[in-house]
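# Coordinate analysis (summary)
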Amino acid sequence: MNATQTLIALWTLVLKEIKRFTRIWPQTLLPPSITMAMYFIIFGNLIGSRIGDMDGFSYMDFIVPGLIMMSVITNSYSNVASSFFSNKFQRSIEEMMVSPMPNWVILAGFILGGMARGLGVGLIVTIVSLFFTRLTMEHPLLTVLVVVLTSALFSIGGFINALLANKFDDISIVPTFILTPLTYLGGVFYSISMLPDFWQGVSMLNPILYMVNVFRYGFLGVSDIPVGWALAAIFAFIIVLFGIALVMLERGKGIRS
């Protein structure tokens, strides 16, 4: 395939993925916005008014970046995991594998589709948050960069999950038992400076902590960890996981029986 044909193939796959989740938007886009609105009401207004300030900001302002990031992470991951596994289950992925389309295009297409949903939900949640607080961005470019990178990272993670899954139940194991706990313990609702030294050290092993803190730094200008190290870690994770996913795809891991 020449460059033009490759771009057409990539765009077609991305468009298919976008149409897939927008066609059923009451199931893919609406529920996250309602859930986050409940978080804003319960944690931000009701509980937050009793907690007071966090790192010099109102509790509502403090948790908004974390909740936006949480919605981006979960939706980017789940979109690719469910979409690619559905193609495996229906055996339609085999048609892509035998086509002239390069494997990296297949991988990139699903990743970009997951990013479209994750970033779309993140934008919706951001708009919803405006009904509860006024948002300011201290570092707009950094904010956009980290949310795009995080969406890409967890889209790749969802792709690997789908490759390894043998049944539909398998694609819910990682989000339920790994992704959700790490997200809730990733500094979304609190600053790790509130924790004892030992638990602060343990928290440093949570990769989501770095993403949430950099994103919060983009909005508020405060972070519990060095921003440069966090960005380097995100880039490293993306490169490593993309390479793993591509090798697995080329070897037919989880596709060919």
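Residues numbered from 1 in each chain as written. Predicted model: local features only at pLDDT ≥ 70, side-chain atom pairs only at ≥ 80, totals over all residues. Heavy atoms only, no water.

### Some points on the overall build of the protein
Tallying secondary structure elements over the protein gives 11 helices and 2 strands in all. Secondary structure elements of the protein, listed N to C terminal, follow the sequence α-α-α-β-β-α-α-α-α-α-α-α-α. In terms of overall size, the protein behaves like a compact globule, its C-alpha atoms giving a radius of gyration of 19 Å where 257 residues would be expected to give roughly 18 Å. Seen along its three principal axes, the alpha-carbon backbone of the protein occupies a region of about 60 × 40 × 35 Å. Burial statistics for the protein: of 257 residues in total, 50% are counted as buried. For the protein, the proportion of contacts with a sequence separation of at least 24, taken over those separated by at least 6, is 80%. Surface accessibility of the protein: about 12,500 Å² in total, with carbon and sulfur atoms responsible for 69%. (Helix = DSSP H or I, 4+ residues; strand = E, 2+ residues; numbered from the N terminus. Rg over C-alpha atoms; globule rule 2.2 N^0.38 Å. Buried < 20%, exposed > 50% of the residue type's maximum accessible area, 1.4 Å probe, protein only. Contact = heavy atoms within 4.5 Å. Areas by Shrake-Rupley, 256 points an atom, 1.4 Å probe, with all protein chains shown as cover.)

### Remarks on the UniProt feature "domain: ABC transmembrane type-2" (unreviewed entry) in the protein
UniProt feature "domain: ABC transmembrane type-2" (unreviewed entry): in the numbering of this structure it lies at residues 23–252. Secondary structure content for residues 23–252 is 75% helix and 2% strand, and the end C-alpha separation is 30 Å. (UniProt positions renumbered as here; feature names shortened; annotations may be inferred.)

### Focus: the packing of helix H4 (residues 59–89) against helix H8 (residues 173–184)
Where H4 meets H8, the closest approach of the two axes is 11 Å, and the angle between their N-to-C directions is 165°. Accordingly, the angle class assigned to the pair H4 and H8 is roughly antiparallel. In the packing of H4 onto H8, the handedness of the crossing is right-handed. Contacts between H4 and H8 involve Met70, Ile73 and Tyr77 from the first element and Val174, Pro175, Leu179, Thr183 and Tyr184 from the second. Looking at the contact of H4 with H8 residue by residue, the class counts come to 7 nonpolar, 1 polar and no charged. (Axes fitted to C-alpha atoms, helices over the stretch in contact; angles between N-to-C directions. Parallel < 35°, antiparallel > 145°, perpendicular 65-115°, else oblique. Left-handed = near helix turned anticlockwise from the far one by under 90°. Nonpolar A, V, L, I, M, F, W, Y, C, P; charged D, E, K, R; others polar.)

### Brief notes about the packing of aromatic side chains
Overall, the coordinates contain 10 aromatic pairs when judged by the stated rule. On the basis of an interplanar angle of 40° and a centroid distance of 5.9 Å, the ring pair of Tyr39 and Phe189 is categorised as tilted. With Tyr39 in helix H3 (residues 30–51) and Phe189 in the loop between H8 and helix H9 (197–203), this residue pair connects regions lying 150 residues apart in the sequence. Under the relative-accessibility criterion, Tyr39 is labelled buried at 14%. Taking the centre distance of 5.0 Å and the plane angle of 80° together, the rings of Phe198 and Trp199 count as edge-to-face. By relative accessible area, Phe198 is classed as exposed at 58%. Through pairs of rings, three or more aromatic residues link up here, namely Tyr39, Tyr184 and Phe189. (Phe/Tyr/Trp six-rings, centres within 6.5 Å; stacked < 30°, edge-to-face > 60°.)

### Quick word on the UniProt feature "transmembrane region" (unreviewed entry) in the protein
Look at the UniProt record and you will see "transmembrane region" (unreviewed entry) annotated at residues 30–47, 59–78, 104–132, 144–165, 171–192, 204–222 and 228–249. Its end C-alpha atoms 42 Å apart, residues 104–132 is made of 90% helix and 0% strand. The distance separating the terminal C-alpha atoms of residues 144–165 is 32 Å; by composition the span is 95% helix and 0% strand.

### A short note on the nonpolar core
Generally speaking, a soluble globular protein has its nonpolar side chains buried in company with each other. Formed by 79 residues in total, the largest nonpolar core has its most connected members in Leu67, Phe110 and Phe159. When residues of this core are traced back to their parent elements, those giving at least two are helix H1 (3–23), H3, H4, helix H5 (93–97), helix H6 (103–129), helix H7 (140–164), helix H10 (207–220) and helix H11 (227–250). Sort the elements by how many residues they give to this core and H4 lands first, with 16 residues. For Phe159, the contacting residues outside a window of four places in its chain are Val80, Phe84, Leu107, Phe110, Ala245 and Leu249. (Core = buried A, V, L, I, M, F, W, Y, C linked by side-chain atoms within 4.5 Å.)

### Considerations on the packing of H3 against H6
Two elements in contact, H3 and H6, have axes whose closest approach is 9 Å; the angle formed by their N-to-C orientations is 35°. Once H3 is placed against H6, the crossing between them reads as right-handed. On the side of H3, the interface is formed by Pro32, Ser33, Met36, Ala37 and Phe40, while H6 contributes Val121, Ile124, Val125, Val128 and Ser129. Each residue belonging to the contact of H3 with H6 can be placed in one class, and the counts come to 8 nonpolar, 2 polar and no charged.

### Focus on the side chain of Asn75
Inspection of the secondary structure puts Asn75 in helix H4. Polar side-chain contacts of Asn75 include one of 3.3 Å to the side chain of Arg117. Non-local contacts of Asn75, meaning those with residues more than four positions away in its chain, are made with Thr28, Pro32, Arg117, Gly118 and Val121. (Polar contact = N/O pair within 3.5 Å; in protein donor to acceptor, adjacent residues only side chain to side chain.)

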